[in-house]
Amino acid sequence: MKRFNFIIREPYQNSFLQSFLSRIWLYLHIDMPLLIGLLLLVIVGLFVLYSASGMNLILISQQLIRISIAFGIMIVFSQIPPRKYKAWAPWIFTISLMLLLIVLIIGAISKGAQRWLSFGLISFQPSEIMKLTMPIMLAWYLSDKCFPPTLYTIIKCGVMLIIPVLITAVQPDLGTALIIAFSGISVIFLAGVGWRLICGVNALGALSLPIIWHFMHSYQRARVLTFLNPERDPLGSGYHIIQSKIAIGSGGLLGKGWLNGTQSRLHFLPEHATDFIFGVCGEELGLIGCVVLLAIFLYIVGRGLYISSQAQETFTRLLAGSLILTFFISFFINIGMVTGILPVVGLPLPLISYGGSSIVTLMAGFGIIMSIHTHRKLLSS
Amino acid sequence: MTRKLILKDYDQEKRLFQRRLIVAAIVIILLVGLLVFRLIYLQICQHELYSTMSKKNRLEFLPIEPNRGLIYDRNGILLAEDQPVFSLDIIPDKVQNLKKTIADLQKIVNISQNNLDQFYQAFRQHRTFSSIPLKLNLSDEEVARFYVNQYQFPGVIINARMLRYYPLGETMAGVLGYVGRIDNYDLINLDSTNYSASNFIGKNGIEKYYEQQLHGQVGYQQVEIDASGRIVRTLNRTPPIPGDNLYLTVDSRLQSAAKKALSHERGAVVAIEPRSGEVLALVSNPGFDPNLFVQGIDAKQYKKLLTSSAKPMYNRAISGQYPFASIIKPFLALEGLDSDIITPQYTIYDPGWFKLPNTNHIYLDWNWKSGGHGNVNVTKAIIVSSDPFFYNLAVMLGINRIDDILNRFGFGRLTGIDMLDEASGLIPSPKWKMRVFGNSWYTGDTIISGIGQGFMLTTPLQLAQATGTLANRGLRFKPHLLLKLQTSDGQISDQEPVAEDPVMLSRNEAWHVVIKAMQGVVTSEQPWGTARIRFGIHPKYTIAAKTGTGQVYSSRSRDENETDVTNMPKRLRNHSLFIGFAPVRHPQIAVAVIVEHSPIAGTVAREVLDYYFGLHKHEKV
């Protein structure tokens, strides 16, 4: 990381080849260390998926195509300079909010859960777009405000945040709503909102818990109780968590070996190719494999945090920081859920779970991060 | 805009942001640490627990049904075998919507209501992850049609099963019984572990009596299964121990001959080898096709069998209770001679009726000769079946002595044959009459006992055993159907004859007198033996016999040989009985025949005996 920094700052003091390569990456607006981390994760992910899918090569090739498209989108997004994102911020936020509302209305008319919007060949989830536009919007809004932001500013941010989150939550897509909320909150946090306010909001939240509990429906209470004690409902929602704990726990230190996981191969572990794929990893690759996977995640997060710390503008640093924290929180929630320390919310493991729409937004986010890093003005020269 | 920008302190702002980043980084490291600790907890600390749970998860013990033992007759002719068939099975656990699945299956496979009833019956008693047959015995076409559509039916499979088949059908039904689907009644006394893979159980006859030996011991296979119930692979297998093969004492050819001799008449034939108690033939006519019950008989058919006036489901040979009629006479004669109440020379005048001194009631000889037989001694009385002689003898003996001799021959209680549903017959006593009817025993009751009428009842099996005892001159053996057992590893254990308390007489010549007289029943021309006409042309073997006519309707049909009763409704016609053993000197076979509402018992016996000796002569050649 340090070496790369050095190259960027003093590009002409190194060998020709090195400078050529670095120029190429700079020219392509690609951050090599981040790309290496992502590729590593994707490769490990494909191996795990190969096993989890029961050696289904068709499924793997589909995932490969999806990943290739996502990497293409990442490269496209990295070409766009951050000032453009900043300029478009209010517009793209408004558009994605509108799309969310359209989905909500269509869903209300058809009286069914509706997440997708379809325009001929292309269909997409507006809530996924919101995962990107929310931090862009808030970062734009806060970038020309006084630091630390005033209470009034934060309340305005809160309103901007709460509307899309609520719309997404009633779709109902609690997992994505959670991520959108977190992406906004992380911007506000990084913008330097006062600790007193943070503590105050948290305290308020903690105090309101018994009141919320009081107003909850019995089935909602049952869901919470099942999270606290999965054995309560071993065949319903508790089944997922019991089976994934069995999968991970039976893996031990070294795992049962790649392609040898019985929990997933025998379909005891539900959704083992999508949300619960970490269970397969834990079962087949053991503690060592899990820790290696966590290390790759941590490396990507570390690189992202470094990039945001090196960002030169308020907008870019807030945006990069928020995107990388959102990436972290989505993998943390997923693994936390699979290992049974968090309740089961339908969130995939980023870049590893089989499935399309989240991987594209995720890579677009990394594209923005790369754009932020590669569009800096080289001060030293 | 510019004014605001001037007010911003970029350095301070950057420092604030970086402080926040550090806080975020610390939180991230803490959270990842939490994940790592969680993983260590799950994968190291609780590894043992989850490892066991995982093994339990994917490994399942599946019971394997043992093959049911085969049943052979004494000559090794197969009587009950297992035929492989394809059955359509459902694993209820793996089926989303059972009703819909069955409805869809009905479109491609013909499933009767009876199949459904039996399926739901089994469904209630089996564990839901075991496969339950919906239809046994699929045709090849149905199998093919199902396989084409199999993708539509997760949890529905075609299974190879063994289905019981009785090649001789109706002929052996009374002996073998049949197997049927396990029902609620069977479950009460069932070893549920041993029957966890079984669908069938003996319901009747030998199949039921020797259920334990025939069933065998359930086996297990440890299999790896996926959540949809498919067996991925078998890890290890404890093979089931097949049931023992049974060899019966029955000679199926003799059985067929007896069945054929009875033709459409209702009746029973029991043939026993006197020296061992081995039952050579045990026929109840009409019978039923046991194969109907294996696949599950439908309710309509079953009702028809149950309500038919011919009672095909009723095993007359062991459960049918009939009056002794004149069959009782040799036994009474034995008692009279043995107890010195009469001597072989003791003679009375038979006018064709009997009357107690000082009474007016006349007991007719309602069987034979209207004018009476004149002077009769015990030999002639047996040969011509003189009723007055035995009315008189009964009075002289008294009911207690009569009961005593009948009890010693085993009447009035179960023979202990290896069959269920055996009836005990009835030997009435004054005590019994008081208990049941509440009035005392009259001399008249004793008198009619002399010709085997009244309250007393016997079964064809008891008669056959007692005839064997006569043939053995007192040695008694328990009648049995099992000849030998062959375990699955080939070990054979023979069933030894079981001797019962013999009938000991103080005067051995009594045997001689009675048996000689019984020989006369068949051979004597002067006086004319009652069975002479049946065995008119001298058979190639010597035989001692006694006939009887069971009174059904009190119109005193006088002639047991005459067939001119055709204008009488069949259900009112008399039963005919016959007992006999042959050859007289070294008896090989004792036979008892009862034919309801028809006089052909003697003819049936003749055919059975002829066939038996024809067969054995043949074998020697």
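Conventions we followed
- Residues numbered from 1 in each chain as written.
- Chains lettered and ligands numbered in written order.
- Predicted model: local features only at pLDDT ≥ 70, side-chain atom pairs only at ≥ 80, totals over all residues.
- Helix = DSSP H or I, 4+ residues; strand = E, 2+ residues; numbered from the N terminus.
- Buried ≥ 20, exposed ≤ 12 C-beta atoms within 10 Å, placed from the backbone.
- Contact = placed C-beta atoms within 7 Å.
- Pairing = 2+ DSSP bridges.
- Axes fitted to C-alpha atoms, helices over the stretch in contact; angles between N-to-C directions.
- Nonpolar A, V, L, I, M, F, W, Y, C, P; charged D, E, K, R; others polar.
- Parallel < 35°, antiparallel > 145°, perpendicular 65-115°, else oblique.
- Left-handed = near helix turned anticlockwise from the far one by under 90°.
- pLDDT = per-residue confidence, 0-100.
- Core = buried A, V, L, I, M, F, W, Y, C linked by C-beta atoms within 7 Å.
- Domains from an automatic or database assignment.
- Expected span 1.5 Å × (residues − 1).

**Section: the overall build of chain A**
Inference 1: When you go through chain A residue by residue, the secondary structure sums to 15 helices and two strands.
Inference 2: Looking at chain A as a whole, 47% of its 381 residues are labelled buried.
Inference 3: Long-range pairs, those at least 24 residues apart, make up 72% of the contacts in chain A between residues at least 6 apart in sequence.

**Let's talk about the overall build of chain B**
Inference 1: Counting its regular elements, chain B contains 22 helices and 23 strands.
Inference 2: Across chain B, every contact between residues at least 6 apart in sequence was considered, and the portion connecting residues at least 24 apart equals 74%.

**Section: the sheet that holds strand β12 (residues 278-285) of chain B**
All names here are of chain B.
Inference 1: Strand order in the open sheet formed by five strands is β12-β11-β23-β22-β21, with antiparallel pairing between adjacent strands. Bordering the open sheet on either side are β12 and β21 (544-550), each of which pairs with just one other strand. The average angle at which neighbouring strand axes cross in this sheet is 5°, direction not considered.
Inference 2: On the sheet, helix α20 (residues 460-471) packs against β11 (267-273), β22 (575-582) and β23 (589-595) and is oriented at approximately 145° with respect to β23.

**Things to note about the interface of chain A and chain B**
Inference 1: Counting from both sides, the interface comprises 41 residues of chain A and, opposite them, 37 residues of chain B.
Inference 2: When contributions to the side of chain A that touches chain B are tallied by element, the ones reaching two or more residues are α8 (174-190), α11 (237-251), α12 (262-265), α13 (277-310) and α14 (314-338) of chain A.
Inference 3: Here the element with the most residues in the side of chain A that touches chain B is α13(A); it accounts for 11 residues.
Inference 4: Of the residues contributing to the side of chain A that touches chain B, the split by class is 22 nonpolar, 16 polar and three charged.

**Considering helix α18 (residues 430-437) of chain B**
Inference 1: The element α18(B) is largely exposed, with a buried count of zero among its eight residues.
Inference 2: One or two residues past the end of α18(B) sits B:G438, with phi positive at roughly 75°.

**Quick notes on the packing of helix α15 (residues 329-338) of chain B against helix α21 (residues 509-523) of chain B**
A pair of packed helices is captured by two measures, namely the crossing angle of their axes and the spacing between those axes.
Residues and elements named next belong to chain B.
Inference 1: For the pair α15 and α21, interaxial distance at closest approach is 9 Å and the crossing angle is 150°. One element, α15, and the other, α21, form an angle in the roughly antiparallel class. Note that α15 runs across α21; the crossing there is right-handed. In contact with P330, A333, L334, L337 and D338 of α15, α21 contributes A510, V513, V514 and M518.
Inference 2: Across the contact of α15 with α21, the residue classes tally to eight nonpolar, no polar and one charged.

**Concerning the confidence of the model for chain B**
Residues and elements named next belong to chain B.
Inference 1: In the predicted model, chain B carries a mean pLDDT of 84, and 90% of its residues have values of at least 70.
Inference 2: Between residues 1-6, whose pLDDT stays under 50, and residues either more than four places distant or in other chains, the model counts one contact.
Inference 3: When the criterion is pLDDT under 50, residues 555-564 qualifies, and its contacts beyond four places in sequence or with other chains add up to 14 contacts.
Inference 4: Prediction confidence for the complex, expressed as pTM and ipTM, is 0.60 and 0.89 respectively.

**Some points on the environment of B:K56**
Inference 1: Along the polypeptide, B:K56 turns up in helix α3 (residues 47-58).
Inference 2: The exposure class of B:K56 is exposed, given the 10 C-beta atoms found within 10 Å.

**Some thoughts on the nonpolar core**
Inference 1: Judged by nonpolar contacts, the single largest core of 122 residues is most densely connected at B:V269, B:V270, B:A271 and B:V608.
Inference 2: The residues that make up this core include at least three from each of domain 1 (61-248) and domain 2 (252-304 + 314-620) of chain B.
Inference 3: Not counting the four nearest positions on each side in its chain, B:V270 is found in contact with B:V279, B:A281, B:L282, B:A317, B:P460, B:L461, B:A464 and B:A592.
Inference 4: Grouped together as the second largest cluster of nonpolar side chains are 106 residues, A:F77, A:I241, A:L325 and B:L39 included.

**Re the pairing of β22(B)**
Residue and element names in this part refer to chain B.
Inference 1: Counting buried residues along β22, eight of its eight residues qualify, which places the element largely inside the surrounding structure.
Inference 2: In β22, alternate side chains face the same way, and those of H575, L577, I579 and F581 on one face and S576, F578, G580 and A582 on the other are all buried.
Inference 3: Here β21 pairs with β22 via seven bridges, running antiparallel. Its bridge partner lying in β22, A545 is registered against G580.
Inference 4: Taken together, β22 and the strand that follows it, β23, pair antiparallel across an intervening segment of six residues.

**What about α8(A)?**
Residue and element names in this part refer to chain A.
Inference 1: With 17 residues, α8 extends 24 Å between its outermost C-alpha atoms, agreeing within 8% with the 24 Å of an ideal straight helix rising 1.5 Å per residue.
Inference 2: Taking burial as the measure, the 17 residues of α8 include 13 buried ones, the bulk of the element.
Inference 3: The first or second residue beyond α8 is G192, which carries a positive phi of 95°.

**Description of unusual backbone geometry**
Residues and elements named next belong to chain B.
Inference 1: With an omega of -5°, the peptide bond running from N285 to P286 counts as cis.
Inference 2: For A325, which is not glycine, the phi dihedral falls at a positive 55°.
Inference 3: Not every positive phi belongs to a glycine, and D421 is a case in point at roughly 65°.
Inference 4: Within the secondary structure, D421 is located in the loop between α17 (387-408) and α18.

**Concerning the environment of B:V109**
Residue and element names in this part refer to chain B.
Inference 1: Topologically, V109 is positioned in the loop between α4 (98-108) and α5 (113-125).
Inference 2: Sequence-wise, V109 and S139 are 30 residues apart; in three dimensions their C-alpha atoms are separated by 9.3 Å.
Inference 3: Non-local contacts of V109, meaning those with residues more than four positions away in its chain, are made with L88, K135, L138, E142, R145 and F146.

**Quick word on the packing of α13(A) against helix α15 (residues 357-374) of chain A**
Residue and element names in this part refer to chain A.
Inference 1: Put simply, α13 and α15 touch, their axes get as near as 9 Å, and they point 40° apart. Regarding the angle of α13 to α15, the classification is oblique. Of the two elements, α13 crosses α15, and the hand of that crossing is left-handed. Contacts from G304, I307 and Q310 in α13 reach I369, I372 and H373 in α15.
Inference 2: Its residues placed into classes, the contact of α13 with α15 shows three nonpolar, three polar and no charged.

**Considering the pairing of strand β10 (residues 245-248) of chain B**
All names here are of chain B.
Inference 1: The alternating pattern of β10 places N245 and Y247 and L246 and L248 on opposite faces, both of which are buried.
Inference 2: Bridge count for strand β2 (residues 71-72) against β10 is two bridges, and the pairing is parallel. Its bridge partner lying in β10, I71 is registered against L246.
Inference 3: Of the strand pairs in this sheet, β10 and strand β18 (residues 482-486) are connected by four bridges, and their pairing is antiparallel. If you follow Y247 over to β18, its bridge partner there is K484.

**A short note on the confidence of the model for chain A**
Residues and elements named next belong to chain A.
Inference 1: With 85% of its residues at a pLDDT of at least 70, chain A reaches an overall mean of 83.
Inference 2: Highest mean pLDDT in chain A belongs to α13 (94); lowest belongs to helix α1 (residues 2-9) (48).
Inference 3: This model gives residues 1-12 a pLDDT under 50, and the stretch forms 16 contacts once residues within four places in sequence are excluded.

**A short note on the environment of A:S183**
Residue and element names in this part refer to chain A.
Inference 1: With respect to the helices and strands, S183 occurs in helix α8.
Inference 2: For S183, a count of 29 C-beta atoms within 10 Å puts it in the buried group.
Inference 3: Separated by 144 residues in the primary sequence, S183 and F327 place their C-alpha atoms 9.0 Å from one another.
Inference 4: Once residues lying within four places of it in the same chain are set aside, the contact partners of S183 are K131, M134, P135, S322 and T326.

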